[in-house]
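Listed below are the residues making up each chain.
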Amino acid sequence: MRRFALILARWPGVLAADGFQKLSGEEILAALTGQKLEYGSGVWQTFDTSMVTQYFSGGPSAGRWVVREDQYCSIWPPSDLWACYDVFRNEDTIRFVDDAGGRTDGIFAQ
């Protein structure tokens, strides 16, 4: 248990060493609102000011997004479960990190 706590305590530092900086709730809103991220292979996501998020991966999907405390959270119907992520930024790359440490990187569309 102690080892696990030490790993978690160092996790943000590891991401910062890669040039990624953790965003606060206000910074997440500022970074994502009105933007489009591209994930590669024709996959992209938009973050509307109305708090609707559109995701395209071979077909469209619409959900809702919010910022809770210092995390990005989204819900994708028909599910009623919110998924929340820590958000990091390195220049034009946004990194979403889930509770298990899984990472998804998106690049701001030009």
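Refer to the structure printed above.
A few points on the structure. (Residues numbered from 1 in each chain as written. Predicted model: local features only at pLDDT ≥ 70, side-chain atom pairs only at ≥ 80, totals over all residues. Heavy atoms only, no water.)

**Notes on the packing of aromatic side chains**
Evaluated as defined, the whole model comprises 9 aromatic pairs. An angle of 80° between the planes, with centres 6.3 Å apart, marks the rings of Tyr 85 and Phe 96 as edge-to-face. Taken together, the positions of Tyr 85 in strand β7 (residues 83-90) and Phe 96 in strand β8 (residues 93-97) put the pair 11 residues apart, joining distant regions of the chain. On the basis of relative accessibility, which here comes to 6%, the residue Phe 96 falls in the buried class. One aromatic cluster is present, built from ring pairs that chain together Phe 47, Trp 65, Tyr 72, Tyr 85 and Phe 96. (Phe/Tyr/Trp six-rings, centres within 6.5 Å; stacked < 30°, edge-to-face > 60°. Helix = DSSP H or I, 4+ residues; strand = E, 2+ residues; numbered from the N terminus. Buried < 20%, exposed > 50% of the residue type's maximum accessible area, 1.4 Å probe, protein only.)

**Description of the side chain of Ser 74**
Relative to the elements of secondary structure, Ser 74 occurs in strand β6 (residues 71-75). Of the residues examined, Ser 74 reaches a relative accessible area of 5% and is grouped as buried. Among the polar contacts made by the side chain of Ser 74, one reaches the side chain of Trp 76 at a distance of 3.2 Å. Setting aside its immediate chain neighbours within four residues, Ser 74 contacts Arg 64, Trp 65, Leu 81, Trp 82, Ala 83 and Tyr 85. (Polar contact = N/O pair within 3.5 Å; in protein donor to acceptor, adjacent residues only side chain to side chain. Contact = heavy atoms within 4.5 Å.)

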